[in-house]
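# Working through the structure, step by step
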Amino acid sequence: MFGIEIKRVEIEDLFNAQRAWDNLPFVLSGVPLTLLVAILGMLLGLLIGLFLALARRSDKRMLRWPARMYISFMRGTPILVFLFILYFGLPVVGIELTATMAAVLGFGLNSAAYIAEINRSSLSSVDGGQWESAQALGFSYWQTMRRIILPQATRIAIPPLTNVFLDLMKATSLAAMISVPELFNKAQIVAGRNYDTMTMYILAALIYWPMTMVFSALQDYLEQRYNKYL
């Protein structure tokens, strides 16, 4: 009635184990760059996100409102569009970035918006009496922040920050769209060469999965370590 034809599917049509095994080394060669882009992007995001969080908490409008606008813009635009702007758009004004540089910068600037909100809420969750006690002891703002507030806020921020990093590591697959030779890009190359997209995409998924498990285990370790001091 609807003209639907049901085709019999063999298991090898979905996942060719031999082909996956033969091309595993080539696909795995993209893992170091995937991790590099994710880690550098996260570090950049942590640095910018901290200053954005402090600006959001500032009493000065000239700091608070630009930070709010930045966070709103980055959270309201797709990261792929921003990557295209950096890689394909900036050359129009004479700024040329390599694909890897554009990816690190794009993921770092984008993740900073989410990290800023995590940092802001973590800083706000520290009891106000901590600030008053530090002032009574004669601590400056930055001494209070570095020695008292940030260590407590870090414990609170670890779980959501780890989630940001895991999302960032998976989002690096978008860097394939600007020709960064990371894990997913390698899988696409093999898929196009062998006309077997299903096998290679499943293989890529099976590589991403244990990578995220490793960092999830690191999150558990850090949580337990910080919780010992409660």
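Right above here is the structure, for reference.
Read on for a plain summary of the structure.

Cut-offs applied
Residues numbered from 1 in each chain as written. Predicted model: local features only at pLDDT ≥ 70, side-chain atom pairs only at ≥ 80, totals over all residues. Heavy atoms only, no water. Helix = DSSP H or I, 4+ residues; strand = E, 2+ residues; numbered from the N terminus. Rg over C-alpha atoms; globule rule 2.2 N^0.38 Å. Buried < 20%, exposed > 50% of the residue type's maximum accessible area, 1.4 Å probe, protein only. Lys, Arg positive; Asp, Glu negative; His and termini not counted. Charge placed at Lys NZ, Arg CZ, Asp CG, Glu CD. Polar contact = N/O pair within 3.5 Å; in protein donor to acceptor, adjacent residues only side chain to side chain. Contact = heavy atoms within 4.5 Å. Patch = residues over 30% accessible without salt bridge, like charges linked within 9 Å, V, L, I, M, F, W, Y side chains within 5 Å. Areas by Shrake-Rupley, 256 points an atom, 1.4 Å probe, with all protein chains shown as cover. Salt bridge = Lys/Arg side-chain N within 4 Å of Asp/Glu carboxyl O. Phe/Tyr/Trp six-rings, centres within 6.5 Å; stacked < 30°, edge-to-face > 60°. Lys NZ or Arg CZ within 6 Å of the ring centre and 35° of its normal.

Another point: the overall build of the protein chain. Looking only at helices and strands, the protein chain features ten helices and zero strands. Its C-alpha atoms give the protein chain a radius of gyration of 22 Å, clearly above 17 Å, the size a compact globule of 230 residues would have. Taken along the three principal axes of its C-alpha coordinates, the protein chain extends 75 × 50 × 45 Å. Across the 230 residues of the protein chain, 39% fall into the buried class. Seen as two clouds, the 19 positive and the 15 negative side-chain charges of the protein chain have centres 13 Å apart.

Bringing the side chain of Ser 111 into the picture now. Topologically, Ser 111 is positioned in helix α6 (residues 99–125). Judged by relative accessible area, which is 4%, Ser 111 ranks as buried. A polar contact is formed between the side chain of Ser 111 and the backbone oxygen of Gly 108, at a distance of 3.2 Å. For Ser 111, the residues in contact, after removing those within four places along its chain, are Gly 41, Gly 45, Val 164 and Leu 168.

A word on a nonpolar patch on the surface. A cluster of nonpolar side chains, Leu 36, Ile 39, Leu 40, Leu 43 and Leu 46, forms an exposed patch at the surface whose accessible area comes to about 390 Å². The residue Ile 39 is located in helix α3 (residues 31–56) in this model. Judged by relative accessible area, Ile 39 falls into the partly exposed class, the value being 39%.

It is worth spelling out the packing of aromatic side chains at this point. Applying the stated criterion across every chain, the model contains four aromatic pairs. Their ring planes at 65 degrees and their centres at 5.1 Å tell us that Phe 84 and Phe 88 sit as a pair that is edge-to-face. Remark: Phe 88 and Phe 84 occur in helix α5 (residues 79–89); sequence separation between them is four residues, near one turn of the helix. Accessibility expressed as a relative area gives 35% for Phe 84, which makes it partly exposed. Residue classification places Phe 88 among the partly exposed positions, given a relative accessible area of 45%. Cluster of aromatic residues (ring-pair linked, three or more members): Phe 84, Tyr 87 and Phe 88. The residue whose ring lies beneath Arg 68 is Trp 65, and the NZ or CZ to ring-centre distance is 4.7 Å. Here the basic side chain of Arg 147 rests over the ring of Phe 139, its NZ or CZ set 5.6 Å away from the ring centre.

Any functional reading would require information that these geometric values do not contain.
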